[in-house]
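Chain and residue survey
One-letter residues, chain by chain:
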Amino acid sequence: MIPVGITRDGATVLERDDPEAFRLDPERMPEVVDNGSRVRWPEKVGDRLLTVVEADGTERTLGPVDVVFPILHGPFGEDGTVQGLLELTGLPFVGSGVLGSAVGMDKHFTKTLLRDAGLAVAPWRTVTRRSLARDPQQAARALEELGLPVFVKPARAGSSVGVSRVASADQLDAALETAFAEDSRVLIEAGLTGRELEIAVLDGRDGAAPRTSVAGEVVVSGRDFYDFEAKYLGADGITLSCPAEVSESELREFSSLAVTAFEALDLSGLARVDVFLTADGFVVNEVNTMPGFTPISMFPSCWLASGLSYPELITELVELALEGGSR
């Protein structure tokens, strides 16, 4: 294995093969530090050779790469940019290609495509700083049309970063500023009442249909919503249950809509589909093209509950990448 890190300013560096260095900890968030090395991608398609220039200027070959596993979240990670780089270099990689990654990262276009595919999504309005400058009442009207509470979200930020729950009109401006700090496009989305369910998806083999796991459930108590601290740092107020208590017919319906969403967004390899099970049925919340892989993450937990161990899951993802998936 060749561990490659990307610093905050985009330097691609050779990391130590030490998982402990990147363990999520509430007291110390891990960060890729620029150690002076520079990893060089293959110079031509079909080469598959990675090299590194060390801090002292010496260069050495790291060896041929079979497959890249881009375990990255957020902009410049799971939004199609890194995937485009890998496609240009001809390196096989785990997960969706440029289009699926870009669409899956953008909540506005995800919702638009899922709605056009016949799936229910939460009502929303999209605003930008430019649109608000032209029409200062746009956000206030959205609040009137959608009703309270709403969630204000950056369109292209992952892991619930920049998301706020707005329970009164006087909270809207601050929520917009929080979201605009992460992205130039922001969603104002109607709050829904229902059970929060998630299901893991794996691409099919040899052209077969995508496969789904059992369903998991996120139970929120004492927090406004399933935020970053709860997702990655094990904060209080969240209980993850897998498998979730759903009927066979509900699981069949959930599995079917997850496959529909996977194919509608042109995804490959893997995804996690999150929904609300409301009194009116399933409503898709979002689709994650590179879901979390921490010990408390739902994607590996749901596959484990479905009979696929963590090592078997990683092997399956690598083999799907080598096969090419639906890309």
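If you're wondering where the values come from, they're calculated on a predicted model, not measured in any experiment.

Right, let's get into the sheet that holds strand β11 (residues 211-220). The strand order β12-β11-β10-β13-β14 describes an open sheet built from five strands, whose pairing is antiparallel. Looking at which strands have only one partner, the edges of the open sheet turn out to be β12 (238-241) and β14 (281-288). On average, each strand axis in the sheet is tilted by 25° relative to the strand beside it, whichever way the strands run. For strand β10 (residues 195-202) and strand β13 (residues 270-278), the ladder comprises eight bridges, and the chain directions are antiparallel. Within the sheet, the bridge partner assigned to Val201 lies in β13 and is Ala271.

The subject of this paragraph is the packing of helix α2 (residues 98-105) against helix α3 (residues 107-116). At their nearest, the axes of α2 and α3 sit 5 Å apart, and the two run at 100° to each other. Regarding the angle of α2 to α3, the classification is roughly perpendicular. The segment α2 lies against α3, with Val103, Gly104 and Met105 engaging Lys107, Phe109, Thr110 and Leu113. Residues belonging to the contact of α2 with α3 are distributed by class as follows: four nonpolar, two polar and one charged.

Those residues of helix α6 (residues 172-180) not exposed but buried are Leu172, Ala175, Leu176, Ala179 and Phe180. Projected onto a plane normal to the axis of α6, the buried residues spread over an arc of 130° and lie on a single side. Projecting away from the buried face of α6 at angles above 90 degrees are the exposed residues Asp173 and Ala174. Each element contacted by the buried residues of α6 is listed here: β6 (124-128), α4 (129-134), α5 (138-146), β7 (150-154), β8 (164-166) and β9 (185-190).

Let us now look at the pattern of salt bridges. Applying the stated criterion across every chain, the model contains 19 salt bridges. Notably, a salt bridge pairs Arg38 with Asp34, separated by 2.9 Å at the nearest N-O pair. Of the residues examined, Arg38 reaches a relative accessible area of 26% and is grouped as partly exposed. Ionic pairing is found between Glu316 and Arg211, a salt bridge with its closest N-O pair at 2.8 Å. Residue Glu316 is located in helix α10 (residues 310-323), and its partner Arg211 is located in strand β11; the two are separated by 105 residues in the primary sequence. With relative accessibility at 30%, the residue Arg211 sits in the partly exposed group.

Pairing within the open sheet is antiparallel, and its three strands lie in the order β3-β4-β5. What marks the edges here is a single partner per strand, and that holds for β3 (38-40) and β5 (59-64). In this sheet, adjacent strand axes meet at a mean angle of 25° when their direction is disregarded. Bridge count for strand β4 (residues 49-53) against β5 is five bridges, and the pairing is antiparallel. Across the sheet, the residue bridging to Val52 is Arg60, located in β5.

Conventions used here
Residues numbered from 1 in each chain as written. Predicted model: local features only at pLDDT ≥ 70, side-chain atom pairs only at ≥ 80, totals over all residues. Heavy atoms only, no water. Pairing = 2+ DSSP bridges. Helix = DSSP H or I, 4+ residues; strand = E, 2+ residues; numbered from the N terminus. Axes fitted to C-alpha atoms, helices over the stretch in contact; angles between N-to-C directions. Parallel < 35°, antiparallel > 145°, perpendicular 65-115°, else oblique. Contact = heavy atoms within 4.5 Å. Nonpolar A, V, L, I, M, F, W, Y, C, P; charged D, E, K, R; others polar. Buried < 20%, exposed > 50% of the residue type's maximum accessible area, 1.4 Å probe, protein only. Arc of directions from axis to C-beta. Salt bridge = Lys/Arg side-chain N within 4 Å of Asp/Glu carboxyl O.

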